[in-house]
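Read off the chains here:
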Amino acid sequence: MVAGNFHSVERARTMIHPGRFHPVRIQSEHSDIARHFRIVLQPGKSLYDAIVQPLIQVGVTSASTTILGGLFASLEYCVAPPDPRNEAVIRYSAPIVAGESYLIFGNATLGRSSSDKPMVHCHAAVRREDGVVRGGHIIPGKTIVGDDPISVLVTSFDDFDLRQIYDPETNTPLFQPVASL
Amino acid sequence: MPENTVVEHGLMGRVAYARIAPNEDLVKGVEKVCLAEGFRNAFVRGALGSLVDASLTFKSDGSKVLVKGPAVEVVSIAGEVRTDEDNTIAATLSGVVADTDGTVYGGSFVPGGNTICMTFEVTLEEWLPANPADQAREASKSEDTQ
């Protein structure tokens, strides 16, 4: 047996990213108290507006949310195969149109984008209109809440902010926690 | 807290959000977030990100399934982190992942088997078990009401 084969079986695979390895591997921040909110996604709104608008009204700009499941009139998602251009190790695929879909369970993070707008990063498992169950990165602006409201549990971050910041190691802008000004 | 305790009383404490970088292990990374933040015990409140490949287990014989990436998207995670009397910290994470076609798989994430691909976002809520005297008092209250 070749040593390389042994390792490929026994060891979890790693990847070489385009940028220089950053010595800090965990960026973390905390709040002393967790505030929770229950919000209800309103029929006809996009997932983006349905999460962002009520939270702006209560002054929440950074949060972790759990989408408790419900029917969406339309839903788009993408998956993350290897980047054909080799600019990063993976890139999101073109949007996949799932049609009317039941979102089984999902998590969404709210923060600020590189252009200082609210940004929602959501992953979920869904049952598509064709009956197939799939998972991936939900496109919040293209996913529309169905006729019935959907409950979401929100944990807000009051003592720090989430910001989409360019990460040189992966050559991709990513959410990172930063201490509040 | 003895691990055979059936009902553990306590309170939620601080909340932490962490971004774990590529090529770190998911389970060990979550444990290190707790070490970084000084959480002895915590529950996962939210988690999403990507793995190079996913290694999941779900049978008593310890057999594993390898979901090939990259990237395997983590769709949801439920789990907790516990620190024992020897100060050994252990995360137990269970969840659903999707491969590059979006096909979903589920199970318990194998420590050392789930390399983060691009990024991993995790929100942890600290769990503060009541001290032993308070645990005993709460337990006796429960018995009185039965």
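As shown above, the structure is provided for reference.
Since this is a predicted model, take the numbers as computed values, not measurements.

Thoughts on the pairing of strand 3 (residues 63–67) of chain A
Residues and elements named next belong to chain A. Along strand 3, five of the five residues are buried, which leaves the element largely enclosed by surrounding structure. Burial of the side chains of strand 3 extends over both faces: A63, T65 and I67 are buried on one face and S64 and T66 on the other. Note: strand 3 against strand 5 (residues 96–112), five bridges, orientation antiparallel. In the sheet register, I67 faces strand 5, and the bridge partner there is G106. For strand 3 and strand 9 (residues 150–156), the ladder comprises five bridges, and the chain directions are antiparallel. Bridging across to strand 9, S64 finds its partner in T155.

Observations concerning the pattern of salt bridges
Tallied over the full model, the rule gives 15 salt bridges over all chains. One salt bridge connects R85 of chain A with E87 of chain A, and the closest N-O pair in it is separated by 3.8 Å. Exposure remark for E87 of chain A: the relative accessible area of 34% places this residue in the partly exposed category. Between R19 of chain B and D167 of chain A there is a salt bridge, with its nearest N and O atoms 3.6 Å apart.

Notes on the sheet that holds strand 4 (residues 64–67) of chain B
What the nine strands build is an open sheet, ordered 1(A)-1(B)-8(B)-2(B)-5(B)-6(B)-7(B)-3(B)-4(B); its pairing is antiparallel. Pairing within the sheet leaves two strands with one partner each, and these edge strands are strand 1 (26–31) of chain A together with strand 4 of chain B. If you compare each strand with its neighbour and ignore which way they point, the axes differ by 25° on average. Bridge analysis of strand 2 (residues 42–51) of chain B against strand 5 (residues 72–83) of chain B gives five bridges, and the strand direction is antiparallel. Of the residues in strand 5 of chain B, the one forming a bridge with L51 of chain B is V72 of chain B. Relative to strand 6 (residues 89–98) of chain B, helix 1 (residues 26–37) of chain B is tilted by about 135°, and along the sheet it contacts strand 1 of chain A together with strand 1 (10–20), strand 2, strand 5, strand 6, strand 7 (104–109) and strand 8 (116–129) of chain B.

A short note on the nonpolar core
Within soluble globular proteins, side chains that are nonpolar tend to cluster in buried spots. V30, I77, L93, F109, F120, V122 and L124 of chain B are the most contacted members of the largest nonpolar core, which totals 29 residues. Here this core takes five residues from helix 1 of chain B, the largest share from any one element. Not counting the four nearest positions on each side in its chain, V30 of chain B is found in contact with I20, V81, A91, L93, V122 and L124 of chain B. L55, F72, V145 and V154 of chain A belong to the second-largest nonpolar core, a separate cluster that totals 28 residues.

What counts, and at which threshold
Residues numbered from 1 in each chain as written. Chains lettered and ligands numbered in written order. Predicted model: local features only at pLDDT ≥ 70, side-chain atom pairs only at ≥ 80, totals over all residues. Heavy atoms only, no water. Buried < 20%, exposed > 50% of the residue type's maximum accessible area, 1.4 Å probe, protein only. Helix = DSSP H or I, 4+ residues; strand = E, 2+ residues; numbered from the N terminus. Pairing = 2+ DSSP bridges. Salt bridge = Lys/Arg side-chain N within 4 Å of Asp/Glu carboxyl O. Axes fitted to C-alpha atoms, helices over the stretch in contact; angles between N-to-C directions. Contact = heavy atoms within 4.5 Å. Core = buried A, V, L, I, M, F, W, Y, C linked by side-chain atoms within 4.5 Å.

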